[in-house]
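A structural walkthrough
Each chain, written out:
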Amino acid sequence: MTDNIRYIGVNDHDIDLFEGQYIVPNGMAYNSYLILDEKVAVMDTVDQRKAGDYFANLEAALEGRTPDYLVVSHVEPDHASSVKLFTEKYPAAKIVGNAKTIQFLANYFDLTGTEFITVKDGDTLSLGQHQLTFVLAPMVHWPEVMMTYESTEKVLFSADGFGKFGALDVEEDWDCEARRYYFNIVGKFGVQVQSVLKKAAGLEISTICPLHGPILTDTIPHVLELYNIWSSYGVESEGVFIAYASIYGNTKNAALKLKALLESRGCPKVAITDLAREDMAEALEDAFRYGKVVLAASSYNGGVMPFMEDFLHHLKAKNYQKRTIGLMENGTWAPSAAKAMKETLAAFKDITVLEPAVTIRGALKETDLPALEALADELMK
Ligand code: FEO
């Protein structure tokens, strides 16, 4: 990175599900950084899955020196599960964290014998030329999370903030996998992210060093703008997102017909997903990306098809809000999906449900088209 700040993180292409739930087709990066000065600081460790590679990187970068400090930004095991190994390897190093960091670490390890430095928001630590200021960022993504600002080289070590899925040896679009990461990992905590963005606005930042994903320099204004939209639950892209849960393909046909009707009306983008077969985390991301969403589902056991029920549960858990939603249901004898979806959505904040819901009975027929056209017209307003 620079003469005195070095990247010592690792890529993980062996992981099947990140956090036990998210598919990561291009793997995952666990980032860690080393600051070499009169004092030597290590900024976080990595998931113990890659401890061997990690300690090899650290040893090489240390060039014979020994760490004085290990700053722990976040205790989640994808970063902190190697802390115990670190203290065994470098017993003289002091762990720097806030009161919660130290409390949480004790839930994972017995660190008896390790010295801790407890910091509060705004506290500083001098390494020599490099000056660290600690910025508490609770709930971005756990309560103990803190960022660290290094004022000499103007580097923000941002913990999970500004991270993305994907290993660093794979080229891919930042926005796409950072958005999927953001909404699934910290989407619920928009208020807390807004609060950190306000703190960051007062800092001159040349480089952002997150704990996942690439180091950011030239794109900082762009990523800050996206984070502002995402954390305020704003609309990032014009268009409509259609999510469907279909048993025999008839609801899917209706969803595809609606897509065609929207496109024929000049809708700038119509994204569509099959909730039973495509990545739920990606569907969640698209639901936040667009301002207008259509939920199309088969009726099932007097309610709604389970994949749609599951999707609504995910949206609720991530504090989904400020959107306009159209509903389509299918039911041969007693359609129940729209009622079930409406009842669930009633507990959401600031959601406008378009009326009436479209009801299909079995196969999509010519007689259904006026209702689909009316929904398309509403969505284009
Ligand atoms: Fe990358 Fe919340 O851990």
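Structure: see above.
All of the points below concern the structure found in this document.

Scoring rules and cut-offs
- Residues numbered from 1 in each chain as written.
- Predicted model: local features only at pLDDT ≥ 70, side-chain atom pairs only at ≥ 80, totals over all residues.
- Heavy atoms only, no water.
- Patch = residues over 30% accessible without salt bridge, like charges linked within 9 Å, V, L, I, M, F, W, Y side chains within 5 Å.
- Areas by Shrake-Rupley, 256 points an atom, 1.4 Å probe, with all protein chains shown as cover.
- Salt bridge = Lys/Arg side-chain N within 4 Å of Asp/Glu carboxyl O.
- Lys, Arg positive; Asp, Glu negative; His and termini not counted.
- Charge placed at Lys NZ, Arg CZ, Asp CG, Glu CD.
- Helix = DSSP H or I, 4+ residues; strand = E, 2+ residues; numbered from the N terminus.
- Buried < 20%, exposed > 50% of the residue type's maximum accessible area, 1.4 Å probe, protein only.
- Expected span 1.5 Å × (residues − 1).
- Arc of directions from axis to C-beta.
- Contact = heavy atoms within 4.5 Å.
- Pairing = 2+ DSSP bridges.

**Observations concerning a positive patch on the surface**
A contiguous patch of positive charge on the surface is contributed by Lys-188, Lys-316, Lys-322 and Lys-349. Position of Lys-322 relative to the elements: it lies in strand β20 (residues 321-330). Judged by relative accessible area, Lys-322 falls into the partly exposed class, the value being 40%.

**With respect to the pattern of salt bridges**
All chains considered together, the criterion is met by 18 salt bridges. For Arg-6, the salt bridge goes to Glu-63, with nearest N and O atoms at 3.1 Å. Linking Arg-6 in strand β1 (residues 5-7) with Glu-63 in the loop between α1 (51-62) and β8 (69-71), this pair joins segments that are 57 residues apart in sequence. Overall, the relative accessible area of 57% leaves Glu-63 in the exposed class. A salt bridge links Arg-277 to Asp-274, with the shortest nitrogen-to-oxygen separation between them at 3.0 Å. Using a relative accessible area of 65% as the deciding quantity, one classes Arg-277 as exposed. When salt bridges with common partners are traced through the structure, they connect Glu-177, Arg-180 and Asp-279 into a single cluster.

**Things to note about helix α12 (residues 369-380)**
With 12 residues, α12 should reach 16 Å at 1.5 Å per residue; the first-to-last C-alpha distance of 16 Å fits that figure. Looking at α12, one finds that the buried residues are Leu-369, Leu-372, Leu-375, Ala-376 and Leu-379. The buried residues of α12 occupy an angular sector of 125 degrees when the element is viewed end-on, so they sit on one face. Looking at the buried residues of α12, the elements they touch are β16 (237-245), α8 (250-264), β18 (290-300), β20 and β22 (358-360).

**As for the pairing of strand β6 (residues 33-36)**
Residues Tyr-33 and Ile-35 point to one face of β6 and Leu-34 and Leu-36 to the other, with burial holding for every one of them. Here β1 runs beside β6; their pairing, made up of three bridges, is antiparallel. Of the residues in β6, the one forming a bridge with Tyr-7 is Tyr-33. Here four bridges tie β6 to strand β7 (residues 40-43), and the two strands are oriented antiparallel to one another. Bridge assignment links Ile-35 to a residue of β7, and that residue is Ala-41. With antiparallel pairing between neighbouring strands as the criterion, β6 and β7 make up a hairpin whose turn holds three residues.

**A short note on the side chain of Asp-47**
Relative to the helices and strands, Asp-47 is located in the loop between β7 and α1. Notably, Asp-47 is buried but unbridged: the nearest opposite-charge side chain belongs to Arg-49, and the N-O separation is 4.7 Å. What Asp-47 contacts, discounting residues up to four positions off in sequence, is Tyr-30, Pro-77, Asp-78, His-79, Ser-81 and Ser-82.

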